[in-house]
Amino acid sequence: MVAHRAHRTHEIVWSGVAEDFVTEYSRRMLMSLPRRNQRENGELYVSGLLSLTSRKSMRSIASMTGDGAAEQRLHHFISKSSWNWVPVRKALAADLDQALDPLAWVVKPMVVLKTGEHSVGVTESFVPQLGRVVNNQRSYSVWLANGRQSAPVNSRLRLSGEWLADTERRRRAEIPEWVDADDGGVPPAAAAALELTRGWGLRPRPVVAEAPGTDAGALVRHLSAAKLPFVLRIGGATRLIPRSAVREGRAIRLMTAQHVAEGADLGERPVRWVGRTGLAGRSALVTSTDVILPPGSGTPPLRLVAAQRPGERRARELWLSNMTDVPPAHIVRLGRLSDRVDQDFAEISTKVGAMDFEGRTFNGWHRHTTLSAVAQGIVTLSAIPDQAVWLPSGDHLQIA
């Protein structure tokens, strides 16, 4: 096929990524695709994501081949074909789980601004980072992360009830019937992580996620029900109950997380401050106290962990975790893996097309996102010194 031959003629622009490795790894990740032409188109697509420095559209990837029919083939392959993206994600997750030995699964939200109204899932909503209502498409991805590398392995598109209740919109976007309007009440951030526990063969890791506003209670309930350890970043206004009040039989009074943290004793040695606060290299003091969520939430005992600069009264980071038997400083370090993910998203994901899908179908979005994750996996593995990537035959390919 032309698609299979064409991807070999284009230079991979990522430094340290060998073209032979791109071909071999793509083939291995796409083994579940039932037809040869699908696998060849998949290889071309991944190669295009790694080769193009412009926006990664189906048209721009097809233009690399010099074949006028390539764009139509790629459009069908991504938007209309029948191949299932889940086995590809499982294969990628299993490989990266072994290579990275992740400390946590980090759930990252993604907001893509859109100008039209036909992209699947697009809606007008308030985006806190921008401080205004904009037309956007929202999703969540789950990353395997350690302190040095991270990479996405699963993604979930957020679809509003308005979208899913609109029969005509569902038809145009080809949203499957199994996609439920309220997802059984499971928050999207939890749903994306819980999928990794359903036959993916991965050893469970702590789930690190943002829990803004009222999301904390729902996230805690669903992650606890799945018996997953978690570290949730919460806002200072989140309402909690100090467990000491319950133990001592005092009147139960809801308090803000910030207020509870201010009353906690300093019980940990200083840790180094890193990440998005702009205070890298400085020390932070860690405090912790046992808390519970408001009555009726059905949640287990939790630990509130706060990190603050010496001399400051207000905590700059607040974390809620069910890992009550580990040092609070460890919870902070796990939570800060979100900074590792933010950096890799900015430096890799945005350059391998994670935000570039221009199609309008639900399946197309998932297939594009899956192949973008394969491309990022290739970049991530190529950066690991002397990383041996094992092949199904028992041989292995050494990345210099």
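Residues numbered from 1 in each chain as written. Predicted model: local features only at pLDDT ≥ 70, side-chain atom pairs only at ≥ 80, totals over all residues. Heavy atoms only, no water.

Details of the pattern of salt bridges
Stated formally: Salt bridge, as applied in this entry: a Lys or Arg side-chain nitrogen positioned within 4 Å of an Asp or Glu carboxyl oxygen. Only DSSP runs of H or I with at least four residues qualify as helices, and only runs of E with at least two residues qualify as strands; both kinds are numbered from the N terminus onward.
One pass over the full model with this rule turns up 17 salt bridges. Here aspartate 356 makes a salt bridge to arginine 55, at a shortest N to O gap of 3.4 Å. With aspartate 356 in the loop between helix H14 (337-347) and helix H15 (362-382) and arginine 55 in the loop between helix H3 (36-51) and helix H4 (58-63), the pair connects residues that are 301 residues apart, well separated along the chain. Across the pair glutamate 168 and arginine 172 runs a salt bridge whose closest N-O atoms are separated by 3.7 Å. Pair noted here: glutamate 168 and arginine 172 are both in helix H8 (residues 167-173), with a separation of 4 residues, about one helical turn. Salt bridges linked by common partners bring Arg55, Asp356 and Glu358 together as one network.

Focus: the pairing of strand S1 (residues 104-113)
Stated formally: Residue exposure (1.4 Å probe, protein chains only): buried if accessible area is under 20% of the type maximum, exposed if over 50%, otherwise partly exposed. For two strands to be treated as a pair, DSSP must find at least two bridges joining them.
Counting buried positions along S1 yields 7 of 10 residues, so the element is predominantly enclosed. In terms of strand pairing, S1 meets strand S5 (residues 207-211) through 2 bridges, oriented parallel. When the bridges of S5 are listed, tryptophan 105 appears paired with valine 207.

Quick notes on H14
One turn of an α-helix holds 3.6 residues; hence residues three or four places apart share an orientation. We count it as follows: For this analysis, residues touch if any pair of their heavy atoms sits within 4.5 Å.
Among all positions of H14, only Leu337, Ser338, Asp339, Arg340, Val341, Asp344 and Phe345 are buried. In the core, the buried residues of H14 are packed alongside S1, strand S3 (132-145), strand S4 (150-157), strand S12 (317-321), helix H13 (328-335) and H15.

What to know about the nonpolar core
Note the following rule: Among the buried residues, those of types Ala, Val, Leu, Ile, Met, Phe, Trp, Tyr and Cys that are joined through side-chain atoms within 4.5 Å form a nonpolar core.
Within the largest apolar cluster, 93 residues are counted, with the highest numbers of intra-cluster contacts made by Leu50 and Leu304. The dominant element in this core, judged by the number of residues it contributes, is H15, at 9 residues.

Things to note about the side chain of glutamine 137
What counts, and what does not: What qualifies as a polar contact is a pair of N or O atoms within 3.5 Å, subject to a donor-acceptor requirement within protein and to the restriction that residues adjacent in sequence count only when both atoms come from side chains.
With respect to the element layout, glutamine 137 can be found in strand S3. According to the relative accessible area criterion, glutamine 137 is buried, its value standing at 5%. A distance of 2.8 Å separates a polar atom in the side chain of glutamine 137 from the backbone oxygen of valine 120. Dropping the residues within four chain positions of it, glutamine 137 is found in contact with Met110, Val111, Val112, Lys114, Ser119, Val120, Val122, Leu157 and Trp365.

Here we look at the packing of H3 against H15
Formally: Helix axes are fitted only over the stretch in contact, all axes being lines through C-alpha atoms; the angle between N-to-C directions runs from 0 to 180 degrees. Orientation is classified from the angle alone, with under 35 degrees giving roughly parallel, over 145 giving roughly antiparallel, 65 to 115 giving roughly perpendicular, and any other angle giving oblique. We call a crossing left-handed when the near helix sits turned anticlockwise from the far one by less than a right angle, and right-handed when that turn is clockwise. Residues are grouped as follows: Ala, Val, Leu, Ile, Met, Phe, Trp, Tyr, Cys and Pro are nonpolar; Asp, Glu, Lys and Arg are charged; every other residue, Gly included, is polar.
The contact between H3 and H15 brings their axes to 9 Å, and the two run at 60°. Relative to H15, the element H3 lies oblique. As H3 runs across H15, the sense of the crossing is right-handed. Across the interface between the two elements, Tyr45, Val46, Leu49 and Leu50 from H3 touch His368, Leu371, Ser372, Val374, Ala375, Ile378 and Val379 from H15. In terms of residue class, the contact of H3 with H15 is made up of 9 nonpolar, 2 polar and no charged.

Some thoughts on the packing of aromatic side chains
To keep it simple, the criterion reads: Each pair of aromatic rings taken from Phe, Tyr and Trp, with Trp reduced to its six-membered ring, is defined by centres within 6.5 Å and is described as stacked if the planes are under 30 degrees apart, edge-to-face if over 60, and tilted in the remaining cases.
This structure, assessed with the given rule, holds 4 aromatic pairs. On the basis of an interplanar angle of 65° and a centroid distance of 6.3 Å, the ring pair of tryptophan 85 and phenylalanine 362 is categorised as edge-to-face. Of this pair, tryptophan 85 sits in the loop between helix H5 (70-80) and helix H6 (86-100) while phenylalanine 362 sits in helix H15, placing them 277 residues apart in sequence. Of the two residues, tryptophan 85 and phenylalanine 362, both sit in the buried class. A ring pair is formed by tryptophan 178 and phenylalanine 362, whose centres lie 6.0 Å apart and whose planes are at 75°; its orientation type is edge-to-face.

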